[in-house]
Amino acid sequence: MKTKLKTPKGVTEAATLPLNTILDGDCIERMNALPAGSIDLIFADPPYNLQLKGDLHRPDNSKVDAVDDAWDQFDSFKVYDKFTKAWLAAARRLLKPNGAIWVIGSYHNVFRMGAELQNQGYWILNDVVWRKSNPMPNFRGKRLTNAHETLIWASKQEASKYTFNYEALKALNEGVQMRSDWVLPICTGHERLKNEDGDKAHPTQKPQSLLHRVLVATTNPGDVVLDPFFGTGTTGAVAKMLGRDFIGIEREEAYRKVAEKRIKNTRKFDKEALEVSTSKRAEPRVAFGVLVERGMLRPGEELWSMNGRHKAKVRADGTVIGADIKGSIHQVGAACEGAPSCNGWTYWQFKRDGQKVPIDLLRQQIRSEMAKHN
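The structure presented is a predicted model; accordingly, all values stated were derived computationally and were not measured. (Residues numbered from 1 in each chain as written. Predicted model: local features only at pLDDT ≥ 70, side-chain atom pairs only at ≥ 80, totals over all residues. Heavy atoms only, no water.)

Student: How would you explain helix α6 (residues 234-241) if you had to name every residue and give the values?
Tutor: The element α6 is largely enclosed, with a buried count of seven among its eight residues. Among the residues of α6, those classed as buried are T234, T235, G236, A237, V238, A239 and M241. Each element contacted by the buried residues of α6 is listed here: β2 (39-44), α5 (208-218), β7 (224-227), β8 (245-249), α7 (253-264) and α8 (271-274). In the stretch just after α6, G243 is the one whose phi turns positive, near 75°. (Buried < 20%, exposed > 50% of the residue type's maximum accessible area, 1.4 Å probe, protein only. Helix = DSSP H or I, 4+ residues; strand = E, 2+ residues; numbered from the N terminus. Contact = heavy atoms within 4.5 Å.)

Student: Account for the packing of helix α2 (residues 77-94) against helix α3 (residues 110-119), with residues named and values stated.
Tutor: Two elements in contact, α2 and α3, have axes separated by 10 Å at closest approach and are oriented at 45°. On the basis of their axis angle, the class for α2 and α3 is oblique. Between α2 and α3 lies a crossing of right-handed hand. Of the residues in α3, those touching α2 at F77, Y80, D81, T84, K85, W87 and L88 are R112, M113, E116 and L117. Of the residues in the contact of α2 with α3, the class split is six nonpolar, one polar and four charged. (Axes fitted to C-alpha atoms, helices over the stretch in contact; angles between N-to-C directions. Parallel < 35°, antiparallel > 145°, perpendicular 65-115°, else oblique. Left-handed = near helix turned anticlockwise from the far one by under 90°. Nonpolar A, V, L, I, M, F, W, Y, C, P; charged D, E, K, R; others polar.)

Student: So what's going on with empty space enclosed by the protein? Residues and values would help.
Tutor: Applying the stated criterion across every chain, the model contains two cavities of 30 Å³ or more. Roughly 110 Å³ of volume is contained in the second largest cavity. H212, V216, V276, L361 and Q364 are the residues nearest the centre of the second largest cavity, which is lined by 14 residues in total. When contributions to the lining of the second largest cavity are tallied by element, the ones reaching two or more residues are α4 (166-172), α5, α8 and α12 (360-372). At three residues, α12 tops the list of elements feeding residues into the lining of the second largest cavity. For the lining of the second largest cavity, the class distribution of residues is eight nonpolar, three polar and three charged. When residues of the lining of the second largest cavity are assigned to domains, at least three map to each of domain 1 (21-51 + 62-273) and domain 2 (288-372). (1 Å grid on protein atoms, 1.4 Å probe; cavity = no way out; pocket = protein on both sides within 12 Å on 5 of 7 lines; lining within 4 Å. Points joined across faces, edges and corners; volume = space filled by probe spheres on them. Domains from an automatic or database assignment.)

Student: Can you lay out the sheet that holds strand β12 (residues 326-327) for me, pointing to particular residues and giving the numbers?
Tutor: Taking strand neighbours across the sheet as the criterion, the six strands line up as β12-β11-β10-β9-β13-β14 in an open arrangement whose pairing is antiparallel. Since the sheet does not close on itself, it has two edges, and those belong to β12 and β14 (355-358), each with one partner. Two strands pair when backbone bridges link them, and strand β11 (residues 320-321) and β12 are joined in this way by two bridges, in the antiparallel orientation. Counterpart to V320 in the pairing with β12 is G327. (Pairing = 2+ DSSP bridges.)

Student: Outline the pattern of salt bridges, listing residues and values.
Tutor: This model, assessed by the stated rule, comprises 15 salt bridges. Here R30 makes a salt bridge to D24, at a shortest N to O gap of 2.8 Å. The class for D24 is partly exposed, based on a relative accessible area of 36%. Of the charged contacts in the structure, one is a salt bridge between R309 and E337, with a shortest N-O distance of 3.4 Å. Taken as a pair, R309 in the loop between β9 (302-305) and β10 (311-314) and E337 in helix α10 (residues 329-337) lie far apart in primary sequence, 28 residues in all. Each of E174, D360 and R363 takes part in a single network of salt bridges with overlapping partners. (Salt bridge = Lys/Arg side-chain N within 4 Å of Asp/Glu carboxyl O.)

Quick look at the structure:
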């Protein structure tokens, strides 16, 4: 992989930010051409440097569609570390004094990124384990199944007054403090984008649910989010839905085309639905049936599970009915997963304008209205 690692001479300071735009070219050069101290949050999903040594096959001898693209190939750890140092330095220059960064990786690269973050003066706030509810199995049977990836959340410096919407995350988690292990499915089914040939548009497309949680937790409406490894645009799509501005950088034309189409077809949620919980007092309880009474969801409307494997139908009394069970959104969700309990608010989605939307956004909209009248 040939990547320019040196900071270009005469770094330019753009007069205005190219908001809600996908920039092409080398991410380091592009970042160095943006104004210093202009970005609220960076979400970075850099090359993993997987070091694959040949093709990977399933037990039936079919080939696994693994990450073997040129952009993920580096000649050595030394080259990869040099690349990591350069892009993290460019990223830190862009962050506002109270800005923050999220990086995500596997065991191949996340420890190297974590060390470099600390070397450059970032202040690590949390590491988050994204536990995949539907991971790819280990076909060779020689190692544990890789069922998680690690995210690192860091502020620009120790003294940064970073954004953290604690109460919003607590509300997403049914009133319980959000932990640092997140159980979310990988990107599959309807959410997996395909190219013109019907193949995966990107081998490591991140699920919308992951970016939803990150942006609700650590940004506010109107904030500017930068993704220097934009891929097929999950960060941009979620940012648009949540009323954040984004800047994407992606050098692969095929990915840019998919991302542009995806974001063009993404609808921004209304202003009231974008408001999140900030008060430390207990949130008012909202029954699922209120959504039906208000006409926000209609009897007979279908809900889909976040992992895309199950669906249920809304009933007039605020219960739902699945394949062979009826009850609350929590009871039916638990039955679908064979689990002792389930947070139905974060488990179920509904469809609007071709997009699947978490039902919890409707609950937040009602809570916002209730707060205005208190």
